[in-house]
Each structure stands twice: as structure tokens, then as C-alpha cells.
Amino acid sequence: MPKRGQDNIDIMGEMIAGGHAPSLPAGMRLYAIGDIHGRKDRFDILLRQIIEDNSLRGLAGREGTHIVLLGDYIDRGMDSKGMIDFFLHPEPSGFHWHFVGGNHETAMIEIFSAAPRKVSPEKLADWLSRYGGRETMISYGIPADEIDNAAVQLKSKHVTLEFADKLLMSWRAKIPPAHFEFLFALPDSLQFGDYFFAHAGIKPGIAVEKQKSDDLRRIRGEFLKDERDHGVVVVHGHSMRSEPEIRPNRIGIDTGAYTSSGRLTAVGLEGRSRWLLASGQAGVIGANSLKEGRLPFILKAF
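An account of the accompanying structure is given in this report. Because the structure is a prediction, the values reported are computed rather than measured. Position numbers for residues count from 1 along each chain, tracking the sequence in the order it is written. Owing to the predicted nature of the model, reporting of local features is limited to residues with pLDDT of at least 70; listing and counting of side-chain atom pairs is limited to 80 or more, with chain, interface and lining totals taken over all residues. Heavy atoms throughout the structure, all of them, feed into the side-chain values; hydrogens and water do not.

**Some thoughts on the overall build of the chain**
- In this description a helix means any DSSP run of H or I spanning at least four residues, a strand means any run of E spanning at least two, and both kinds are numbered starting from the N terminus. A count of helices and strands for the chain gives ten helices and eleven strands.
- Note on classification: 1.4 Å probe, protein chains only; a residue is buried when its accessible area is under 20% of the maximum for its type, exposed when over 50%, partly exposed between these limits. Per-residue burial over the chain gives 55% buried out of 302 residues.
- Surface accessibility follows the Shrake-Rupley procedure with a 1.4 Å probe radius. Residue values consider only the protein chains on display as shielding. Only carbon and sulfur atoms are counted for the fraction: they give 51% of the accessible area of the chain, which is about 13,300 Å².

In C-alpha cells, the structure reads:
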């Protein structure tokens, strides 16, 4: 595996959880991927990098290789439908795939599962514009001009609840039932060894098994500012940064995949080792300790 040497790579870094270096269960390798937001193009690039990286590292062990997706698969990018289609039958099938839900999945569920006359025109307009629901519905085959015209009417002072209901019923018919089943089944969190995976983070001071769904999917400032030992290292997305955030108690990997200048980031974990991969960031810091030549697509090992 990559090690400290002439590549100037420090695998262990500074992270300590519960008085010891955090680790995964023996025989397990894991890649956690940050917020995709409909950018299947960048996901495809990153997945190819993960497949190659996993191959170069050799067999993971009896627990195999796991991929954890941290939520916000939809909205803002142009291929939300394509992402969920892929997740229903992910490849390579030899990997163990895991998914947690984010606040954008929650918002879509709330929009389309509400009883008639429960979604206000204002809420629907907000979902289309601020949340990026417009791009999601385009991916399901709704013409962009139809959505844009509807958005204008939703903001009119004369708009009715019936108008919003009619839109939702029409648009929901375009979304396969299996996609809603996927969204509803998403757990709020997962834990493997000393690492806890949640979309947004945790409520500081509360045991991970007692966390509320809303905090796991939406929390920001209170969690991001907290420096205490949570008993686990929290791996999360949700709070976008230009670079991954590496802290003693958390690893943040939302690097703005949906933006023109952003990229999709993954953190690799095995035993006490950790490394970062990112779409479109080939060989920023090389590692020549695996086979011969540089290990492609390593962003940084720490």
C-alpha cells in the first residue's frame, strides 16, 4: 500500500478517535463518495478511478471492498435519473454498495409524497429553483420550457393549490416507482469500525445511535465548529468546500461536483490507512509504491 516516502505522503496524518488511530474492521476496504448532485459524468470518472485504485491495491481481504454513497444524488446536475437508474443495479457487482440519504432526497420525497393540497406553490417553486429540482425533472423527461413556465405561474399571486397539485401529479407519473422505493429506503447513517457515515454530520454531544434524522441529513454549523471527540470519525458531505476538510473528528468530502469548477471526491479507507481520490485530478500527488510507476488519480494520501 502507499506509504510515506519520496512521494511525501503521510498516511496516518493527525486523526485520533477515542485515544487510538481510527480504523476499519480487518479485511475491509472502503471508498466513501461525496455529494454527486446529478453529475453522473463526474461519478463515472471517479468510479473508474476507484476500480483501478482498488485493483492496484490487491485483494481487500475477507470483508471485500465497500462503496458508501453519502447522499444528495439528485438535483442541480443534469442526470439525477441516470444516477438512480445506476444505483438500482450498480456495477461492479463485486463491490458491496451502501447508500445513505441526504437532505435533497428528503426534499424530493416531501414534495411528491405529500397528500393533495399539502404542497404550497411557494414550496414547489423553491424546490425547482433553490434546490435544483428543475434539473431533476428535466432528467425525467419534462421539457425545460414547461418547467420554466410553471415556475413563473407558481410565483404569481393568483396561483392556486390546485395548479400545484396538477403539476405534481403530472410530473410524478414520469418517475418510475422503483426510484421512489429507492429514495424511501435510504438509511440516515452507517457505521463501519471507527468511521460513521452520514450525509450532513451529527448533533454534537449526542450518541450516534440516538441521532435524529433531520440532524444527520441537514446539520451544518454546530457540527462543523465542534472539535470534541465524537467517539467515531464522522465522514460526511453536505457542506461544500473547494477542498476536502480533514479534522481529528470528521472528514468532509463535498467538493461541489455540480459546479463548473468543482469535482467529485472520495475518501479511501483500509485498516488505519486513508487516501483521497477526485474526478479529473490525476496524479496531483503521485505514489510509486504500488507496482511500477505512479498510482493514477491519487489526489492525496494522509
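**Examining helix H8 (residues 177-185)**
- Within the sequence span of H8, burial applies to His179, Phe180, Phe182 and Leu183. The buried residues of H8 occupy an angular sector of 155 degrees when the element is viewed end-on, so they sit on one face. Exposed and facing more than 90 degrees away from the buried side of H8 are Pro177, Glu181 and Ala185.
- Taken together, the buried residues of H8 touch helix H2 (80-88), strand E3 (96-99), helix H3 (103-113) and helix H7 (161-172). Throughout, the arc means that of the directions going from the helix axis to the C-beta atoms. Only heavy atoms enter the contact rule, under which two residues are in contact if any of them lie within 4.5 Å.

**Thoughts on the pattern of salt bridges**
- A pairing counts as a salt bridge when a side-chain nitrogen of Lys or Arg comes within 4 Å of a carboxyl oxygen of Asp or Glu. For the coordinates displayed, the defined rule picks out 18 salt bridges.
- The partner of Asp126 in a salt bridge is Arg130, with the nearest N and O atoms 3.0 Å apart.
- The residue Arg218 makes a salt bridge to Asp214 at a minimum N-O spacing of 2.7 Å. With Arg218 and Asp214 both in helix H9 (residues 213-218) and four residues apart, this pair spans about one turn of that helix.
- Via salt bridges that share partners, Glu110, Lys123, Asp214 and Arg218 belong to a single interconnected network.

**So, helix H4 (residues 121-129)**
- Of all the residues in H4, the buried ones are Pro121, Leu124, Ala125, Trp127 and Leu128. Each buried residue of H4 lies within a common arc of 160 degrees when the element is viewed along its axis, so the set occupies one face.
- Where H4 is buried, its residues meet H3, helix H5 (133-139), helix H6 (144-154) and H7.

**Brief notes about the packing of H3 against H8**
- Look at H3 against H8: their axes get within 10 Å of each other, and the N-to-C directions meet at 125 degrees. One finds that H3 runs oblique with respect to H8. Here H3 runs over H8; the crossing is left-handed. Touching Glu105, Met108, Ile109, Phe112 and Ser113 of H3 are Phe180, Leu183 and Phe184, all from H8.
- Among the residues forming the contact of H3 with H8, the class breakdown is six nonpolar, one polar and one charged. To get an axis, a line is fitted to the C-alpha atoms, and for a helix only the part in contact is used. The angle between two axes follows their N-to-C directions and goes from 0 to 180 degrees. Each angle gets one of four labels, with under 35 degrees taken as roughly parallel, over 145 as roughly antiparallel, 65 to 115 as roughly perpendicular, and the rest as oblique. Left-handed is the label given to a crossing in which the near helix is rotated counterclockwise from the far helix by less than a right angle, and right-handed is the label when the rotation is clockwise. Gly falls in the polar group here, along with every residue not listed as nonpolar (Ala, Val, Leu, Ile, Met, Phe, Trp, Tyr, Cys, Pro) or charged (Asp, Glu, Lys, Arg).

**Some details on the environment of Ile246**
- Locating Ile246 in the fold gives a position in strand E7 (residues 245-247).
- A C-alpha to C-alpha distance of 9.6 Å links Ile246 and Val235, two positions eleven residues apart in sequence.

**Quick notes on the environment of Tyr131**
- Along the chain, Tyr131 falls in the loop between H4 and H5.
- Classification of Tyr131 by relative accessible area gives buried; the value is 15%.
- Expressed as a C-alpha distance, the spacing of Tyr131 and Ile74, which sit 57 residues apart in the sequence, is 9.6 Å.
- In this view, Tyr131 contacts Asp75, Arg76, Asn103, His104, Ala107, Asp126 and Arg218; residues no more than four positions away in its chain are not counted.

**Quick word on the packing of H2 against H8**
- At a minimum axis separation of 10 Å, H2 and H8 run at an interaxial angle of 75 degrees. Taken together, the axes of H2 and H8 lie roughly perpendicular to each other. When H2 is examined against H8, the residues Lys81, Ile84, Asp85, Phe87 and Leu88 are found in contact with a partner set consisting of Ala178, His179, Phe182 and Leu183.

**Looking at the sheet that holds E7**
- With mixed pairing, the five strands of this open sheet are ordered in space as E4-E5-E6-E8-E7. The outermost strands of the open sheet, each flanked by one partner alone, are strand E4 (189-192) and E7. Within the sheet, the average angular offset between the axes of one strand and its neighbour, ignoring direction, is 15 degrees.
- One requirement defines pairing of two strands: DSSP has to find at least two bridges between them. Strand direction decides the pairing type here: strand E5 (residues 195-198) and strand E6 (residues 233-236), joined by three bridges, are parallel. Following the sheet pairing, Phe197 is matched in E6 by Val235.

**Describing the pairing of E6**
- Burial along E6 is two-sided: the residues Val233 and Val235 and Val234 and His236 are all buried.
- Relative to strand E8 (residues 250-252), E6 is paired through three bridges, and the arrangement is parallel. Pairing of Val234 across the sheet is with Arg250, part of E8.

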